[in-house]
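# Structural description and commentary
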Amino acid sequence: MAKPRFTWAALFVGGHLTLSCALFQRDLLNVFGWEDAASSSFVLSWMCLSTRFWLSKGRRSIRMKALILVGGLGTRLRPLTLSVPKPLVEFANKPMILHQIEALKAIGVTEVVLAINYQPELMLNLKEFEKKLEIKITFSQETEPLGTAGPLALARDKLIDDSGEPFFVLNSDVISEYPLKQMVDFHKAHGGEASIMVTKVDEPSKYGVVVMEESTGKVERFVEKPKTFVGNKINAGIYLLNPSVIDRIELRPTSIEKEVFPKIAADNKLYAMVLPGFWMDIGQPRDYIAGLRLYLDSLRKKSSTKLATGPHIVGNVLVDETAKIGEGCLIGPDVAIGPGCIVESGVRLSRCSVMSGVCIKQHACISSSIIGWQSTVGRWARVENLTILGEKVQVYDEIYTNGGVVLPYRKIKSSILKPEIVILPPRLSDSLSQKPVRDSDSGSCEAKGKMAKLRFTWAARFVGGHLTLSCALFQCDLLNVFGWEDAASSSLRLSSMTIYQVVVAATRDMGIGKGGKLPWRLPSDLKFFKEITSGTTDPVKQNAVLMGRKTWESIPVRYRPLPGRLNVVLTRSFEIKNEANVVTCGSISSALEMLAKAPYCFSIDKVFVIGGGQILRETLNGPRCDAIHVTRIETSVECDTFIPSIDFSMFQPWYSSPLLVENGIQYSFVTYVHVRNSEDGTIARKTDGKCNDVKSNSNGFEVENFSFLPKMIFEKRDKYMPHSRSIK
Ligand SMILES: NC(=O)c1ccc[n+]([C@@H]2O[C@H](COP(=O)([O-])OP(=O)(O)OC[C@H]3O[C@@H](n4cnc5c(N)ncnc54)[C@H](OP(=O)(O)O)[C@@H]3O)[C@@H](O)[C@H]2O)c1
């Protein structure tokens, strides 16, 4: 890109129009290899026109903005998107979206707005690229899916300024050579309101075809899945729009392809530019692998030094410099090996993407597959035919997988002979417990270690004891993930909200705060709070802490977000906090629903509601409250914020510490567990599954059923509770 920029500079300074234009054209031919495009007189004419435009506009630099449509759950790319949002899944060793941001930066775009509606706190990780790339990255968060046009209306204030410059809109799934500078020139030259990039396809009948005037690029109409041939160019998902286009879009779920573009075309103000070079929508595994081939092919033409060389390399191969390749391997064509990978001796890899931290053992053979982060492929294993391994999957020695789609953390101990989705018990559960899950808790008990589809009960063990609910949620999610809605609708009626525990310090009359602060100074209580809310049964997960906006604000800035936990802040103003590991929610139910769904149900271990008064008034004795951990302040302290009393008809003490004293305050730690069914019958801890009165049958409760409690509490019970044996 350096050369074309230099050429433009010369053009601006000197104004030698003809010469500069010719130089520029020649440069592009060299850089992008567009011999076909160059032969078209149309390309020549718009280049010259655009040059004139730039001269007439003066010598000011371009300060353009762009919006990338990031929304969507990325279900087609699961199981990879169970670990990270789709735009952060690596493609050719860097997050997909980074390819686009870098291309935008390269042509002088100064600000990129990411239109997000999913895992906003994870997308905030992209902020780290702001500094590296020297480009401003902001977020526009949908609270409901707004389609492909609604997000533009939502981000209106971010996109429009007084410069009047057009802005780019990119679909985050698309990978191409991004000829964005040429698109700017094209746009300025035709003088219309909007430009779209189109790409040629072999089978136009499968797509929405853009019918356009070949000589000018003016779009005449769109034909959805044409039965007879009307053209072979389809929307490539890259647009350049004048600010006035936003005036055409209402803030509601709207389709830019179906509702906005046809109207602009009807006004003769929509133009299409044929995209030179490759293009691929990499939103699903088959296309991802095909796109990798096209990308590496293009990389060979543009900067072949980035590709690996050597006697063990065949064709185009990208290897991160930190990856280690053993003796006697044969790698390629069309392979990307990410950072920290270990490829042992004698391995054969072709047409595959190996993500960071993967270990491929001796003589394994992988083709046409994607190997998720930190997975292990055993010796002499053969992985092929669009096998997709999620994060940290372990394929045992000599295993054959033919098109298996394997969820994260699974161990593959027997071969997968035909393409199927493999939902085995997660690996971690093996180490947690070897006992089968009870029917009474899960509604199903069929997996028990065998390879099987949809053995939901294992999910319950995975999340450490939230049996009924987790099982249900996992089931729901899997059904959604793979599009088995029918199965979902015919299955049990499943809850869509997660369960939680409360952690609070309260006086005898349930005072919890004064003047927006804690009215006592108890470092050991803060330590207890940190330990209980941070500890997880699964080392790769974290807990979530739910709090009201005022409680969030009461935490000193230097201590927030509370580290190592997902901070969920409840506020009705829906402001997204510009920080990693913080997410805002507009209601308690939406927060609990969000945490119950993928991917949170896979990455979050326990959910703790931590205050303050307003939040606890709605959650303390709620049907989904599994346990209440109270630091009981025995000394009288004045408060102005209070919570309701604990309902002892529902909560039974589990653990109580001896009376302690600190800074003249007497206090003790007490944990109560939810021991009887709430009215909606969602939580039952009885081993016999009957919903009897607690007092009459407390001997029937099984301690093990409370293993969802934080370990430090679960284990302490025997030590402190006088009646522990009777409850056992
Ligand atoms: N002792 C303890 O363990 C403990 C723990 C935590 C807090 N505290 C104390 O409690 C006090 C703060 O409690 P508080 O009752 O004043 O405030 P709070 O519950 O922390 O926060 C209230 C705010 O949360 C948002 N909110 C409330 N209900 C909501 C709902 N259903 N959906 C969405 N958002 C909702 C609203 O934010 P918007 O106004 O932004 O919409 C509301 O103003 C402080 O003194 C603090 O120190 C004590």
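Per an unreviewed UniProt entry, the chain carries the name DHFR domain-containing protein and comes from Salix brachista. The heading Sequence similarities (unreviewed entry) in the UniProt record of the chain holds the text "Belongs to the transferase hexapeptide repeat family."

Counting its regular elements, the chain contains 27 helices and 40 strands. Looking at the 728 residues of the chain, the share that counts as buried comes to 55%. The long-range fraction of contacts in the chain, counting pairs at least 24 apart against all pairs at least 6 apart in sequence, stands at 57%. If you sum the accessible surface of the chain, you get close to 31,300 Å²; carbon and sulfur atoms cover 51% of it.

Another point: the site of the ligand. Near the ligand lie 27 residues; those nearest to it are A505, R549, T551, T571 and R572. A distance of 3.5 Å separates an oxygen atom of the ligand from a polar atom in the backbone of I615. Every element with two or more residues in the shell around the ligand is listed here: β30 (500–507), β31 (511–513), α20 (549–554) and α23 (613–619). A total of four residues in the shell around the ligand trace back to one element, the largest contributor, which is α23.

The predicted model of the chain has a mean per-residue pLDDT of 76, with 73% of residues at 70 or higher. Low pLDDT (under 50) marks residues 1–60, which in the prediction has 72 contacts with non-local residues, meaning those over four places away or in another chain. Under a pLDDT of 50 for its full length, residues 718–728 has, in the predicted model, 22 contacts with residues more than four places off or in other chains.

Bringing the environment of P151 into the picture now. Residue placement: P151 occurs in helix α8 (residues 150–154). Look past the residues within four positions of P151 in its chain and what remains in contact with it is L67, L69, A115, E142 and L146.

Our next topic: unusual backbone geometry. Put simply, R560 and P561 share a cis peptide bond, and its omega is 0°. Looking at the secondary structure, you find P561 in the loop between α20 and β33 (565–570). For the bond running from G611 to G612, omega is 0°, close enough to zero to count as cis. Within the secondary structure, G612 sits in the loop between β35 (604–609) and α23.

Our next topic: the environment of K361. Note that K361 resides in the loop between β20 (359–360) and β21 (365–371). With a relative accessible area of 24%, K361 lands in the partly exposed category. For the pair K361 and E344, spaced 17 residues apart in the sequence, the C-alpha separation amounts to 5.1 Å. Among residues more than four places away in sequence, those in contact with K361 are E344, V347, T376, V377, G378 and R379.

A few words on helix α13 (residues 285–303). Between its terminal C-alpha atoms α13 stretches 26 Å, which fits the 27 Å expected from 19 residues at 1.5 Å a residue. Along α13, the positions that sit buried rather than exposed are P285, Y288, I289, G291, L292, L294, Y295, L296, S298 and L299.

One pass over the full model with this rule turns up 20 salt bridges. In this structure, the salt-bridge partner of K136 is E111, at a minimum N-O distance of 3.9 Å. You can see K136 sitting in strand β5 (residues 136–141) and its partner E111 sitting in strand β4 (residues 109–116), a full 25 residues away along the chain. Owing to a relative accessible area of 45%, K136 belongs among the partly exposed residues under this scheme. Among the residues examined, E111 registers a relative accessible area of 9% and is labelled buried. As a salt-bridge pair, K188 and E165 come within 2.9 Å of each other at their nearest N and O atoms. Taken together, the residues K188 in helix α10 (residues 180–190) and E165 in the loop between α9 (156–159) and β6 (167–171) connect sequence positions 23 residues apart. Look at K188 and you get buried, because its relative accessible area is 10%. Each of K65, E111, K136 and D161 takes part in a single network of salt bridges with overlapping partners.

Before going further, it helps to examine the sheet that holds strand β15 (residues 324–325). Spatial ordering of the open sheet is given by β15-β18-β20-β22-β25-β28, a layout of six strands whose pairing is parallel. In this open sheet, the two strands that pair with only one neighbour each are β15 and β28 (411–412). Two strands pair when backbone bridges link them, and strand β18 (residues 342–343) and β20 are joined in this way by two bridges, in the parallel orientation. Bridge pairing in β20 places V343 opposite I360.

Another aspect to go through is helix α19 (residues 523–534). The terminal C-alpha atoms of α19, which comprises twelve residues, lie 16 Å apart, in line with the 16 Å expected from a rise of 1.5 Å per residue. Those residues of α19 that fall on the buried side of the exposure criterion are D525, F528, F529, I532 and T533. Down the axis of α19, the buried side of the element spans an arc of 115°, and every buried residue falls inside it.

What follows is about the state of the cysteines. Inspection of the entire model under this criterion finds zero disulfides. With no disulfide of its own, C341 has C359 as its nearest cysteine by sulfur position, at a separation of 9.1 Å. For C341, a relative accessible area of 1% puts it in the buried group.

Rules used in this analysis
Residues numbered from 1 in each chain as written. Predicted model: local features only at pLDDT ≥ 70, side-chain atom pairs only at ≥ 80, totals over all residues. Heavy atoms only, no water. UniProt positions renumbered as here; feature names shortened; annotations may be inferred. Helix = DSSP H or I, 4+ residues; strand = E, 2+ residues; numbered from the N terminus. Buried < 20%, exposed > 50% of the residue type's maximum accessible area, 1.4 Å probe, protein only. Contact = heavy atoms within 4.5 Å. Areas by Shrake-Rupley, 256 points an atom, 1.4 Å probe, with all protein chains shown as cover. Near = heavy atom within 4 Å. Polar contact = N/O pair within 3.5 Å; in protein donor to acceptor, adjacent residues only side chain to side chain. pLDDT = per-residue confidence, 0-100. Expected span 1.5 Å × (residues − 1). Salt bridge = Lys/Arg side-chain N within 4 Å of Asp/Glu carboxyl O. Pairing = 2+ DSSP bridges. Arc of directions from axis to C-beta. Disulfide = S-S within 2.5 Å.

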